[in-house]
Amino acid sequence: MAHVESVVIIGSGPAGLTAAIYAARANLRPLMFEGFSAGGLIPGGQLMFTTEVENYPGFPHGVMGPEMMKMFRDQAERFETRFITEDVTEVDLRARPFRIKSDGAEAHAHSVIIATGARANWLGLPNEQRLAKTGGGVSACAVCDGALPAFRNQDLVVVGGGDSAVEEASYLTKFAKRVFLVHRRDTLRASKIMQDRIFKLRDEGKVEIVWNSGVEDVLGDKTITGVLLKDTRTGATRTLDCKGMFLAIGHTPNTELFRGQVDLHENGYIRLHPQGPSQSYTNIAGVFACGDVADYHYRQAVTAAGTGCMAALDAERWLAAQGVH
Ligand code: NAP
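Residues numbered from 1 in each chain as written. Predicted model: local features only at pLDDT ≥ 70, side-chain atom pairs only at ≥ 80, totals over all residues. Heavy atoms only, no water.

Draft legend 1. Geometry of helix 6 (residues 192-203). Spanning 12 residues, helix 6 covers 16 Å between terminal C-alpha atoms, matching the ideal 16 Å at 1.5 Å per step. Looking at the buried positions of helix 6, the neighbouring elements they touch are helix 5 (163-172), strand 12 (178-182) and strand 13 (207-210). Downstream of helix 6 by a residue or two, Gly205 has a phi angle that is positive, lying close to 85°. (Helix = DSSP H or I, 4+ residues; strand = E, 2+ residues; numbered from the N terminus. Expected span 1.5 Å × (residues − 1). Contact = heavy atoms within 4.5 Å.)

In structure tokens:
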């Protein structure tokens, strides 16, 4: 019989790495599949595509997302978490020990912590995908791509009305000639503080908010030249010239691997099955979930880290109750 790990953690954002730190300190010797490129993400998760994180406690002057994730990983490694830098391609959670496979590895585990997070959404327009794939000025991550020379001193479009859209639009004002925030309604979903920020930038002439508008098409052959906008109330269309378009329209959980095995909400996020005070149980005994993959409400680095801690403590206690550890 192959070696059976006490706990395998899938995913390496704040949730997965916090689970690893706790599991490692409990002498569970966690094995982490930290991913490679699944869901368009890289090891470290969404924070690898962020610039400054201002709201993570303990960093009064802020910290860059990738730097913070390196600290998380270093801390997990210090307590002897083992890492496999590959995407998981298959899981079998129907029988114990559970089986987790990547292209180059296979692990068997008494318990699994799912921390695969979520990924950015796209509008799904053919020209959007074409230009995004060929580096034609369409991106779902302003903070990754916004500083590229092609976008400097240009008119840029950000689509969305939530905190991400406001954050990305604010960020782009550092490089762009002007930023157009295109939103399908007449009020922003973003939090009050973020709204204040964008309204200030609007008053300074750096941002223009295009209310009640959806992007119908992305124009341009090799690079984007503009977007076709449709008024969501009247149906009228018009062209807005721009040299870049950044999507900030929410996220999709990375749960494809688990569909049919782990209980999911209708929106695709993992459904948790609290057991008394324990909050990270899934429908499968021994399989726990934490972070954005099970959270469509808070979706913060600090809440992800908190739930990662909870999942590791729950796994540890569950393993002890099984007499495994
Ligand atoms: P979100 O809050 O779900 O907002 C998504 C936005 O995209 C909404 O304004 C939505 O419009 C719009 N949208 C969705 N689908 C669309 C479509 N097909 N076409 C056009 N517009 C579409 O997502 P988010 O902004 O990524 O934020 C996610 C979570 O992360 C939130 O909890 C947020 O507070 C948090 N966050 C926080 C910060 C920060 O505090 N610094 C930064 C980023 C994110 P409607 O409003 O009409 O639904």
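Past the structure itself, the notes keep going.
Draft legend 2. Inspection of the sheet that holds strand 14 (residues 213-219) at higher detail. Overall, antiparallel pairing links the three strands, which are arranged 14-15-16 in an open sheet. Each end of this open sheet is capped by a strand with a single partner; those strands are strand 14 and strand 16 (237-241). Averaged over all pairs of adjacent strands, the angle between strand axes in this sheet comes to 30°, irrespective of strand direction. Bridge count between strand 14 and strand 15 (residues 226-231): six bridges; the pairing is antiparallel. Bridging from a neighbouring strand, Val218 pairs with Val227 of strand 15. (Pairing = 2+ DSSP bridges. Axes fitted to C-alpha atoms, helices over the stretch in contact; angles between N-to-C directions.)

Draft legend 3. Quick look at the packing of aromatic side chains. Inspection of every chain in the model, using the stated rule, returns seven aromatic pairs. Here Tyr56 and Phe59 contribute two aromatic rings whose centre-to-centre distance is 6.2 Å and whose plane-to-plane angle is 55°, an arrangement assigned as tilted. For Tyr56, a relative accessible area of 15% gives the class buried. Ring pairing ties together the aromatic residues Tyr56, Phe59 and Phe72, which thus form one cluster. Looking at Arg25, its charged tip hangs above the ring of Phe79, at a distance of 5.3 Å from the centre. The lysine or arginine in question, Arg73, covers the ring of Phe83, its NZ or CZ lying 3.9 Å from the ring centre. (Phe/Tyr/Trp six-rings, centres within 6.5 Å; stacked < 30°, edge-to-face > 60°. Buried < 20%, exposed > 50% of the residue type's maximum accessible area, 1.4 Å probe, protein only. Lys NZ or Arg CZ within 6 Å of the ring centre and 35° of its normal.)

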